[in-house]
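# Geometric and topological summary
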Amino acid sequence: MMGIIKDKKTFVQSVSTIVNVDTGVLDKVFGKPITVNTEIIEYDIATVEGVLPEYNSFRNSANIVTKNGKDTVKIAPVNFNDSISKDVLSADAMKFGENEYGDGRVDPMMESVLNGVGKLHLNALVGTKKIAYEALTTFKIANGYDGRDGKEDIVFPVPAANKEVLDGTTYKKWDDTSSTPLVDITRAYDSMKTKPSFIVMNSNTYAKFISNSSVLTADDTGNGKAKNFYTNTNVDGSKDFYFAGKIIYNHVALDVYVEKGTYKDKTGATKPYLEDGYVIYTNSGNGNLYYGGIPKASNGGVKRIRAIFDVDEVITVNPPVDEVIYRTAPLPVLKQAEGFYSQKTF
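Residues numbered from 1 in each chain as written. Predicted model: local features only at pLDDT ≥ 70, side-chain atom pairs only at ≥ 80, totals over all residues. Heavy atoms only, no water.

### A look at the overall build of the protein chain
Check the secondary structure of the protein chain and you find 7 helices and 23 strands. By residue count, 46% of the 346 residues in the protein chain fall in the buried class. Nonlocal contacts in the protein chain, meaning residues at least 24 apart in sequence, comprise 69% of its contacts between residues at least 6 apart. Roughly 17,800 Å² of accessible area belongs to the protein chain as shown, and the carbon and sulfur atoms make up 50% of that amount. (Helix = DSSP H or I, 4+ residues; strand = E, 2+ residues; numbered from the N terminus. Buried < 20%, exposed > 50% of the residue type's maximum accessible area, 1.4 Å probe, protein only. Contact = heavy atoms within 4.5 Å. Areas by Shrake-Rupley, 256 points an atom, 1.4 Å probe, with all protein chains shown as cover.)

### Looking at the sheet that holds strand 22 (residues 330–334)
Spatially, the 3 strands line up as an open sheet ordered 2-17-22, and their pairing is mixed. Of all strands in the sheet, those with a lone pairing partner are strand 2 (34–35) and strand 22, marking the two edges. Its contacts with the sheet put helix 5 (residues 117–138) on strand 17 (287–291) and strand 22, and the angle it makes with strand 22 is roughly 20 degrees. (Pairing = 2+ DSSP bridges. Axes fitted to C-alpha atoms, helices over the stretch in contact; angles between N-to-C directions.)

### Observations regarding the environment of Ala-142
Secondary-structure assignment places Ala-142 in strand 7 (residues 140–147). In the structure, Ala-142 is positioned 13 residues away from Val-155 in sequence and 8.3 Å away in space, judged by C-alpha atoms. Leave out the neighbours within four places in its chain, and Ala-142 touches Glu-134 and Asp-153.

### What about the side chain of Asn-286?
In this structure, Asn-286 sits in the loop between strand 16 (278–282) and strand 17. What Asn-286 contacts, discounting residues up to four positions off in sequence, is Val-29, Val-333, Leu-334, Lys-335, Gln-336, Gly-339 and Phe-340.

### Details of the confidence of the model for the protein chain
Here the protein chain shows a mean pLDDT of 82. Residues at 70 or above account for 74%. Scored below 50 in pLDDT, residues 1–17 shows 35 contacts in the model against residues more than four places distant or in partner chains. Counting interchain partners and residues more than four positions distant, the pLDDT-below-50 stretch residues 56–62 has 29 contacts. (pLDDT = per-residue confidence, 0-100.)

See below:
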């Protein structure tokens, strides 16, 4: 038996001042979030001919109805449903701000951190950013869909040819001093039907890129040669996702963005959001970030609300447990399939 305390969202106002996750990649690639109050998100997508089935449909992960040459795709967003015990919250809050004699009081902002909503919100943002990069590099979200037979992968219809791994022989890997990053980038650019305007790599990959002798060249007016890469001299060091510079090489013009953000996994190990070696090619607006309807109790039943996240205090009777429940349902969708390319450079 569960009871819901009606005064909801008493903590939400201060959450944004606590959580520190740079969501620049979500803003850049997926744009403004779209919220709906339904469990299922449905849209049309044209079938891509002549490519491997794995990258041609959502058949392994969702309901499809083919009509007039298009697939109507239905997908349920990934739902982060997290909670934390009020007993733990109260104990943490009591300890914070006290001196060695037990005196003092909790600062209002830090009390908001310790009420648990900030922590739960952080977990959800970390998860959203992780699955976004998973989609952008592998073109799928592992176990992202609850199908009839349990958890299934969401596979986006990006052409198989748009996923490349440098073999180290035909194309040298970027940790090899004889590698040619600008040639590799040009090859990827030329192969895409929908041309990208920017690429994204993590800080380690960028270090390999920027240290390559073919990248950091100088203007040579005597021989009529121009620089190949123009660095951004106004980088904001506080940003985890930032504009690093612009490639101008032959017919290719691409902005370069760097993701240096990290998170801690369940074991406490620090991991990069974007794995080493990956280079992502795309344009703004090629994807959408959907937030599906979040379920909440209503008059003995369940209704779905249109929101990015929702906070409840839930009391469970026998045994009595008081918890803060945090729910959100994000789904990054690679909508313009031809507009994505993933390259593993080392």
